[in-house]
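# Structure assessment
The lines below spell out each chain.
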Amino acid sequence: MKGRSFSEVMAGALVLLVTAGFLFYALNNSGRSGFSGPGVTLSAKFDRIDGLAPGADVRVAGVKVGSVVDQRIDPQSFLAVLTMRIDGSLQIPSDSSAEIASEGLLGGRFVSLVPGGSDRILANGGEITITQSAISLESLLGRFIFSMTEAPSAATNRGAAEPTLPSLGTPAQP
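First, a word on scope: everything that follows refers to the structure included in this document. (Residues numbered from 1 in each chain as written. Predicted model: local features only at pLDDT ≥ 70, side-chain atom pairs only at ≥ 80, totals over all residues. Heavy atoms only, no water.)

## A word on the packing of aromatic side chains
This is how the line gets drawn: Here is the rule: rings of Phe, Tyr and Trp (six-membered ring for Trp) pair when centre to centre is within 6.5 Å. Planes less than 30 degrees apart are stacked, more than 60 are edge-to-face, and the remainder are tilted. Charge over a ring is defined by NZ of Lys or CZ of Arg lying within 6 Å of the ring centre and within 35 degrees of the ring normal.
Across all of its chains, the model carries zero aromatic pairs by this definition. Above the ring of Phe110, the side-chain terminus of Arg59 is found at 4.1 Å from the ring centroid.

## Thoughts on the pairing of strand 1 (residues 39–46)
Our working rule: Burial here depends on accessible area, computed with a 1.4 Å probe over protein chains only, as a share of the maximum for the residue type. Under 20% is buried, over 50% is exposed, and the range in between is partly exposed. Only DSSP runs of H or I covering at least 4 residues are called helices, and only runs of E covering at least 2 are called strands; the numbering of each starts at the N terminus. Should DSSP find at least two bridges between two strands, the strands are regarded as paired.
Counted residue by residue, strand 1 has six buried out of eight residues, so it is predominantly covered. Examined bridge by bridge, strand 1 and strand 4 (residues 80–87) share eight bridges and lie antiparallel to one another. In the strand pairing of strand 4, Ser43 is matched with Thr83. Sheet analysis places strand 1 next to strand 7 (residues 127–128), joined by two bridges and oriented parallel. Paired with Ala44 across the bridge in strand 7 is Ile128.

## Side note on the nonpolar core
Formally: Side-chain atoms within 4.5 Å are what join buried Ala, Val, Leu, Ile, Met, Phe, Trp, Tyr and Cys residues into a set we call a nonpolar core. Pairs of residues are marked as contacts when any of their non-hydrogen atoms sit within 4.5 Å.
Counting 23 residues, the largest nonpolar core has Val111 and Leu113 as the members making the most contacts within it. Those elements that provide at least two residues to this core are strand 1, strand 2 (57–60), strand 3 (63–73), strand 4, strand 5 (97–102) and strand 6 (109–114). When sequence neighbours within four positions are dropped, the list of residues in contact with Leu113 reads Val58, Arg59, Val60, Ala61, Ile86, Ile92, Ser97, Ala98 and Ile128.

Quick look at the structure:
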């Protein structure tokens, strides 16, 4: 009985050790463990940041170069302010733009940086002033459906509003 319970405990310990190893490997090789190393903190203001959360990717040309650290509302302008941590080895020009993009039709959102051509480089704590907000797929779909339902009813109403001509067989009333 003692030998059997000791072997069960050892098997359980081995399973836990292997699970911890897989978890460690997954965190280190997935690119989701967080940005580490020297970096630059930048901010940008957007009208809308629908579906973007802290921890979302920041990409240049589709390559992850950082992540969103914080989001808040500017109390004066009521714009969403994103704070991003970018790889310190990149020199982002001051006329660069930031846009909120989608990974696919149902995918998550990320910030896409489009480098500009300026010789001035954004320093730590700098702000990206050229931004494009998130496009709401639900809003676009709703507008499309609304416009399609309005088109047939508008054509029907126009047909009823057209004047009718009196028939030739009926005399006109003075």
